[in-house]
Amino acid sequence: MTRSLQWRFLLILAVLIGAAIFLYPTFVKELPSWWPKFFPQDKIHLGLDLQGGMHLTFEVEADKAVESSAERMKNDLGNNLKKENIFYTYLERVQGDKIEVVLLNPDVKAKFDSYLKEQYPILKEATSQKEGDRVKVLLEMDPRQIAEIKKSAIDQALETIRNRVDQFGVAEPDISRQGENMILIQLPGIKDPERAKELIGKTAILEFKLVDEEYDVGRALAGNIPFGDVILYERVVDPQTGAINKIPFVIKDKTLMTGDVLKDARVKLDQNNRPYVGLSFHPAGARLFEQITGDNVGKRLAIILDNTVYSAPVIRQRIAGGEAIIEGRFTMEDARDLAIVLRAGSLPAPIKILEERTVGPSLGQDSINKGIKATIIGGLLVLIAMILYYRMAGFVANIALILNMVLLLAALAALRGTLTLPGIAGIALTVGMAVDANVLIYERLREEMRLGKPPGAALAAGYSRAFLAIMDSNVTTVIAALVLLQFGTGPIKGFAITLTIGLAASMFTAIVVTRFIFDFVLNNFRVKRWSV
Amino acid sequence: MFEIIKPGTKIDFMKRKWIGFLFSGVVMLIGIISLVVHGGPIYGVDFAGGTLVQVKFSQPVAIDAIRGALQDGGLEGASVQGFEAEGKGEYLIRLQTSSSDLGGLSTTIKAALAKQFGDKAFEIRRVEMVGPKVGKDLRTKGILAAIFAMIAMLIYISFRFDFRFAVGAVVAVFHDVIVTIGVLSLLNIEFSILILAAILTIVGYSINDTIVVYDRIRENTPKMRREPFEKILNVTVNETLSRTILTGMSTLMVLIVLFFMGGGVIHDFTLTLIVGIIFGTYSSVYIASVTVLVWENKFPKKKR
């Protein structure tokens with residue numbers, strides 16, 4: 001072998017060994033224990049469309065977080081104005097996140113202004129107008145503050161969802177933020193997508209409120225709801241028929257305590273083996289709970305989650321020790337999910353589903369089987385066609401083609417790319433297109449031989465002439481693939497990745513590998529003319 | 001030696017350029033008429049928003065029975081379709097609405113079907129629900145991606161070749177895209193993200209093909225300096241013809257296998273690629289170089 005041949009041989013050998021190392025973890029069941037110390041252990045990652053699973057895009061309704069922040073601020077402001085003797089006749093949250101206050105007279109307004117400046121720097125006066133003696137003021141939050149609330153709402157939602165998914169138990173979940181206010185969740189291999197969706201999306205705001213027992217539920221349902229009360233329902237599922245009954249409650253709207261004080265929530269079983277959720281509070285929460293129960297002995301305390309009443313037991317005595325329970329005719333699963341969402345905390349704002357793509361595991365397996373079968377058959381057809389058309393040279397091209405597949409898969413494992421169903425189609429397409437480089441070279445080789453050039457010169461001319469065409473044409477296709485990669489969703493990315501890698505690999509195999517084989521033959525045998 | 005195109009073949013493509021233009025014009029016109037009649041491409045769930053559910057029944061059932069069950073479950077306007085490409089007993093249910101509720105439409109569909117056919121008779125294999133906002137977003141992004149891809153490729157061609165070649169490539173690519181979208185419209189195929197990916201691939205493939213021809217023109221031009229441009233093009237197209245056809249056929253062969261055996265999910269995707277690659281191959285032989293010729297005749301390049 002000449003030096004150049006030797007070098008090329010070593011290069012090809014190195015690439016092959018590298019490919020084998022990257023592919024090994026994918027194709028064996030169990031890696032030897034020493035393997036991870038030296039070598040990568042990533043398998044080729046299957047996309048959700050192949051292994052089954054759920055892809056969700058949620059939008060965090062961050063505006064709602066701003067609104068509830070404004071609501072809290074309004075309540076706080078109301079209390080403080082009373083304390084400071086700054087008299088107002090009207091105080092409400094308007095237009096979502098603004099606060100409207102009507103002050104008694106211009107003097108009060110002046111006092112109000114200086115108080116606001118001192119205590120509430122984030123509230124700014126948007127407009128103010130005199131209405132007779134009164135002064136109506138519209139307050140709005142500092143835009144920076146609003147942005148901050150939104151941002152933290154999304155961060156917190158992300159964190160909470162992560163906690164919930166972790167506790168739900170999904171292998172390799174992928175939870176990430178997308179754009180300004182979207183959260184992308186991928187749950188591979190999930191068995192019960194509906195349940196997971198329910199669990200992730202629950203706002204899970206836990207509230208303790210008193211039942212207004214002096215007021216008749218019937219009258220309230222007729223529309224006469226007393227001031228400061230609301231109607232909330234308990235959902236009761238009939239175990240026999242599965243029908244859902246809604247039981248109305250008249251509830252005093254003032255929240256006595258929220259889920260913020262929770263330390264833990266666990267599923268427990270009562271004497272009859274029925275599950276319930278046991279709550280325990282932080283010390284501060286325990287003190288608050290003790291005070292609430294002490295003040296309201298004999299009344300009914302409603303435990304409300306996301307505006308649904310779960311239970312409304314009568315408070316028999318002051319409860320110390322910081323524990324409470326939620327009963328509600330749960331199934332074991334329901335109780336478990338409820339405990340998870342309570343532990344993980346509530347979402348700062350409601351979220352809604354923008355996009356859902358779920359593929360069942362059986363469809364995924366079908367797709368893999370069909371895709372692989374079709375690719376193999378298609379590939380075999382191409383191999384046969386190459387041998388028929390180019391004979392010995394076709395055989396060389398086939399070596400390159402098979403090597404191309406090996407390199408493609410190895411690169412996929414090495415780059416932690418994801419193989420999707422369109423990705424498999426991309427591989428199949430690469431098989432078709434990878435031939436192109438060889439075809440270009442061989443057609444050139446034939447032409448050069450027709451001109452009567454000897455084998456060595458024909459080879460050199462064929463390769464060098466075809467090179468530009470191969471490069472220019474592949475670069476343009478790769479440009480298209482790269483744009484797809486930027487834009488595409490999961491499956492399409494898979495397609496773009498396989499196509500790009502496939503083309504790169506085909507340049508290597510067609511130009512370096514086949515050339516090496518021809519040069520090797522030229523060097524060691526007496527070639528009169530190429531069988532092409 | 002096995003040859004599809006014998007060496008020294010001299011088909012006078014350039015003389016017959018009007019046949020090619022006429023043929024392409026007619027095909028494009030039919031496609032455009034179909035698009036107008038259908039009111040634009042039929043957008044799938046990805047771009048229009050809505051819900052798509054793939055259900056597999058253990059025994060094939062009547063489509064009307066499924067539709068009836070859905071109607072009883074309160075799902076009006078559901079379209080139900082057999083999904084033979086995926087296998088017997090498989091159906092696609094489409095709803096134009098999407099739901100942002102957590103329970104979601106798929107739960108409702110499941111309940112409605114379970115009531116009619118029993119819990120065990122079917123399996124929900126795939127759910128795709130896209131809200132209107134996301135659909136619109138994807139549409140914008142998709143169009144932008146297609147435009148960016150084309151611009152990027154054109155810049156590359158202008159940089160590597162000549163502006164008039166870029167013009168030819170643009171015309172050829174537009175031709176391929178319009179024809180493909182037209183055929184999709186004729187065949188009532190829904191325009192989804194996958195189809196968009198297929199079209200971008202076609203764009204890449206067609207340009208790839210065109211460039212091989214251009215590369216040869218670039219090489220032949222100094223060799224045939226005394227010949228008219230028309231002749232250079234003719235010789236080149238003939239020289240590259242066998243490669244163009246061979247590569248096109250090997251790619252098609254794989255795609256046809258994928259079409260018949262790759263399963264229903266990528267059925268439309270492979271069909272789109274097949275149509276596009278047939279026309280892409282044709283356009284790189286005919287439209288791309290002929291356009292360069294027409295451009296050259298109209299705006300001759302100044303001789304140095």
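Remember, it's a predicted structure, so these values are computed and weren't measured experimentally.

## Re the overall build of chain B
No. 1: Helices and strands together make up the secondary structure of chain B, namely ten helices and four strands.
No. 2: Listing each helix as α and each strand as β along chain B from the N terminus yields α-α-β-α-β-β-α-β-α-α-α-α-α-α.
No. 3: Overall size of chain B, expressed as C-alpha extent along the three principal axes, is 80 × 45 × 30 Å.
No. 4: Burial analysis of chain B (304 residues in total) assigns 49% to the buried set.
No. 5: Counted over contacts in chain B with a minimum sequence separation of 6, partners at least 24 positions apart contribute 79%.

## Considerations on the overall build of chain A
No. 1: Looking only at helices and strands, one finds 14 helices and 19 strands in chain A.
No. 2: For chain A, the C-alpha radius of gyration of 35 Å lies well beyond 24 Å, the compact-globule estimate for 532 residues.
No. 3: Buried positions account for 43% of the 532 residues belonging to chain A.
No. 4: By sequence separation, contacts in chain A at least 24 residues apart represent 70% of the contacts at least 6 residues apart.

## Re the environment of A:Val170
No. 1: Topologically, A:Val170 is positioned in the loop between α6 (143-168) and β7 (174-178).
No. 2: For A:Val170, the residues in contact, after removing those within four places along its chain, are A:Val165, A:Leu187 and A:Ile190.

## Considering the interface of chain B and chain A
No. 1: Opposite the 56 residues of chain B that make contact, chain A presents 60 residues.
No. 2: At the level of elements, α4 (104-117), β4 (122-130), α5 (132-160), α7 (193-223), α8 (229-261) and α9 (267-285) of chain B are the ones that each hand at least two residues to the side of chain B that touches chain A.
No. 3: Ranked by the residues each element gives to the side of chain B that touches chain A, the list is headed by α7(B), at 13 residues.
No. 4: Grouping the constituent residues of the side of chain B that touches chain A by class yields 33 nonpolar, 14 polar and nine charged.
No. 5: Bridging between strand β18 (residues 351-359) of chain A and β4(B) involves five bridges; their strand directions are antiparallel. Each bridged residue has a counterpart across the sheet, and for A:Thr358 the counterpart in β4(B) is B:Val127.

## A word on the pairing of strand β15 (residues 301-305) of chain A
Residues and elements named next belong to chain A.
No. 1: Within β15, five of the five residues are buried, leaving the element largely enclosed by the surrounding structure.
No. 2: What you see with β15 is no split at all: Leu301, Ile303 and Leu305 on one side and Ala302 and Ile304 on the other are buried throughout.
No. 3: Both strand β9 (residues 206-210) and β15 contribute to a ladder of five bridges, which runs antiparallel. Residue pairing for β15: glutamate 207 is matched across the bridge by isoleucine 304.
No. 4: Pairing geometry for β15 and strand β16 (residues 308-311), over three bridges, is antiparallel. The residue of β16 that forms the bridge with leucine 305 is threonine 308.

## Section: the domain arrangement of chain B
Residue and element names in this part refer to chain B.
No. 1: In terms of domain boundaries, chain B breaks down into domain 1 (17-43 + 134-298) and domain 2 (50-130).
No. 2: On a C-alpha basis, the centroid separation for the pair domain 1 and domain 2 is 38 Å.
No. 3: Listed by partner, the interface residues are five residues for domain 1 and five residues for domain 2.
No. 4: When its residues are assigned to classes, the side of domain 1 that touches domain 2 shows one nonpolar, four polar and no charged.

## Notes on the sheet that holds strand β17 (residues 323-326) of chain A
Strand pairing in a sheet relies on backbone hydrogen bonds. The paired strands run either parallel or antiparallel.
All names here are of chain A.
No. 1: Read from one edge to the other, the open sheet built from three strands follows the order β13-β14-β17, with strand pairing classed as antiparallel. For this open sheet the edge positions go to β13 (262-269) and β17, each flanked by a neighbour on one side alone. Averaged over all adjacent pairs, the angle separating strand axes in this sheet is 25°, with direction ignored.
No. 2: Where β13 lies against strand β14 (residues 275-281), seven bridges are found, and the strand directions are antiparallel. Counterpart to lysine 268 in the pairing with β14 is tyrosine 276.
No. 3: Those strands touched by helix α10 (residues 332-344) are β13 and β14, and its axis lies near 170° from that of β13.

## What to know about the pairing of strand β8 (residues 182-188) of chain A
Walk down a regular strand and you will see the side chains alternate between the two sheet faces.
Residue and element names in this part refer to chain A.
No. 1: Across seven bridges, the pairing between strand β2 (residues 53-60) and β8 is antiparallel. Within β8, the residue paired with histidine 55 across the bridge is glutamine 186.
No. 2: In textbook terms, the turn of a hairpin is the stretch between consecutive antiparallel strands, and for β7 and β8 this stretch comprises three residues, one of which, glycine 179, has a positive phi near 60°.

## Details of the domain arrangement of chain A
No. 1: By the assigned domains, chain A splits into domain 1 (3-52 + 360-524), domain 2 (63-142) and domain 3 (202-358).
No. 2: Between domain 1 of chain A and domain 2 of chain A, the C-alpha centre-to-centre distance is 69 Å.

## Thoughts on α10(A)
Each full turn of the α-helix corresponds to 3.6 residues, which orients residues three or four apart in the same direction.
All names here are of chain A.
No. 1: With 13 residues, α10 should reach 18 Å at 1.5 Å per residue; the first-to-last C-alpha distance of 18 Å fits that figure.
No. 2: Of the residues making up α10, those classed as buried are Ala335, Asp337, Leu338, Ala339, Ile340, Val341, Leu342 and Ala344.
No. 3: On the buried face of α10, the contacting elements are α6, α7 (193-201), β9, β13 and β14.
No. 4: Looking at the residues trailing α10, positive phi occurs at glycine 345, about 90°.

## A few points about the nonpolar core
No. 1: If you look at the biggest cluster of nonpolar residues, it comprises 236 residues, and the most contacted ones within it are A:Ala302, A:Leu484 and B:Val203.
No. 2: The element best represented in this core is helix α11 (residues 361-414) of chain A, accounting for 19 residues.
No. 3: Apart from residues lying up to four places away in sequence, A:Leu484 is in contact with A:Ile492, A:Phe495, A:Ala496, B:Ala145, B:Ala197 and B:Leu200.

## Details of the environment of A:Thr420
All names here are of chain A.
No. 1: Relative to the helices and strands, threonine 420 is located in the loop between β19 (418-419) and α12 (421-450).
No. 2: Residue classification places threonine 420 among the buried residues on the basis of 27 C-beta atoms within 10 Å.
No. 3: For the pair formed by threonine 420 and glutamine 51, sequence separation is 369 residues and the distance between their alpha carbons is 9.1 Å.

## Quick word on the sheet that holds strand β1 (residues 50-57) of chain B
No. 1: If you trace the eight strands from one edge of the open sheet to the other, you get β7(A)-β8(A)-β2(A)-β18(A)-β4(B)-β1(B)-β3(B)-β2(B), paired in antiparallel fashion. In this open sheet, the two strands that pair with only one neighbour each are β7 of chain A together with β2 (79-82) of chain B. On average, each strand axis in the sheet is inclined to that of its neighbour by 20°, with strand direction left out of account.
No. 2: Packed on one face of the sheet, α6(A) meets β2, β7, β8 and β18 of chain A and runs near 170° to β7(A).

## Focus: the packing of α7(B) against α8(B)
Residue and element names in this part refer to chain B.
No. 1: Where α7 contacts α8, the axes come no closer than 9 Å and their chain directions differ by 135°. Overall, the two elements α7 and α8 adopt an arrangement that is oblique. As α7 packs across α8, the resulting crossing turns out to be right-handed. Residue-level inspection shows Asp209, Val212, Val213, Arg216, Ile217, Asn220 and Thr221 of α7 in contact with α8, the latter providing Ile232, Leu233, Val235, Thr236, Val237, Glu239, Thr240, Arg243 and Thr244.
No. 2: Here the contact of α7 with α8 is composed, by residue class, of seven nonpolar, five polar and four charged.

## A word on unusual backbone geometry
Residues and elements named next belong to chain A.
No. 1: Here alanine 204, not a glycine, exhibits a phi torsion of approximately 60°, which is positive.
No. 2: Note on placement: alanine 204 falls in the loop between α7 and β9.
No. 3: On the basis of neighbour counts, which here come to 20 C-beta atoms within 10 Å, the residue alanine 204 falls in the buried class.
No. 4: A positive phi angle, near 65°, is found at asparagine 273, a position not held by glycine.
No. 5: On the secondary structure map, asparagine 273 appears in the loop between β13 and β14.
No. 6: Take asparagine 273: there are 7 C-beta atoms within 10 Å of it, and that puts it in the exposed class.

## Description of the packing of α12(A) against α8(B)
No. 1: Packing of α12(A) against α8(B) brings their axes to within 9 Å, and their N-to-C directions diverge by 160°. In terms of orientation, α12(A) lies roughly antiparallel with respect to α8(B). Crossing of α12(A) against α8(B): the hand is right-handed. Each of A:Ala425, A:Ala428, A:Leu429, A:Val431, A:Gly432, A:Met433, A:Val435, A:Asp436, A:Val439, A:Leu440 and A:Glu443 in α12(A) lies in contact with α8(B), whose residues at this interface are B:Ser242, B:Arg243, B:Leu246, B:Thr247, B:Ser250, B:Thr251, B:Val254, B:Leu255 and B:Leu258.

Reading guide: rules and limits
- Residues numbered from 1 in each chain as written.
- Chains lettered and ligands numbered in written order.
- Predicted model: local features only at pLDDT ≥ 70, side-chain atom pairs only at ≥ 80, totals over all residues.
- Helix = DSSP H or I, 4+ residues; strand = E, 2+ residues; numbered from the N terminus.
- Buried ≥ 20, exposed ≤ 12 C-beta atoms within 10 Å, placed from the backbone.
- Contact = placed C-beta atoms within 7 Å.
- Rg over C-alpha atoms; globule rule 2.2 N^0.38 Å.
- Nonpolar A, V, L, I, M, F, W, Y, C, P; charged D, E, K, R; others polar.
- Pairing = 2+ DSSP bridges.
- Domains from an automatic or database assignment.
- Axes fitted to C-alpha atoms, helices over the stretch in contact; angles between N-to-C directions.
- Expected span 1.5 Å × (residues − 1).
- Core = buried A, V, L, I, M, F, W, Y, C linked by C-beta atoms within 7 Å.
- Parallel < 35°, antiparallel > 145°, perpendicular 65-115°, else oblique.
- Left-handed = near helix turned anticlockwise from the far one by under 90°.

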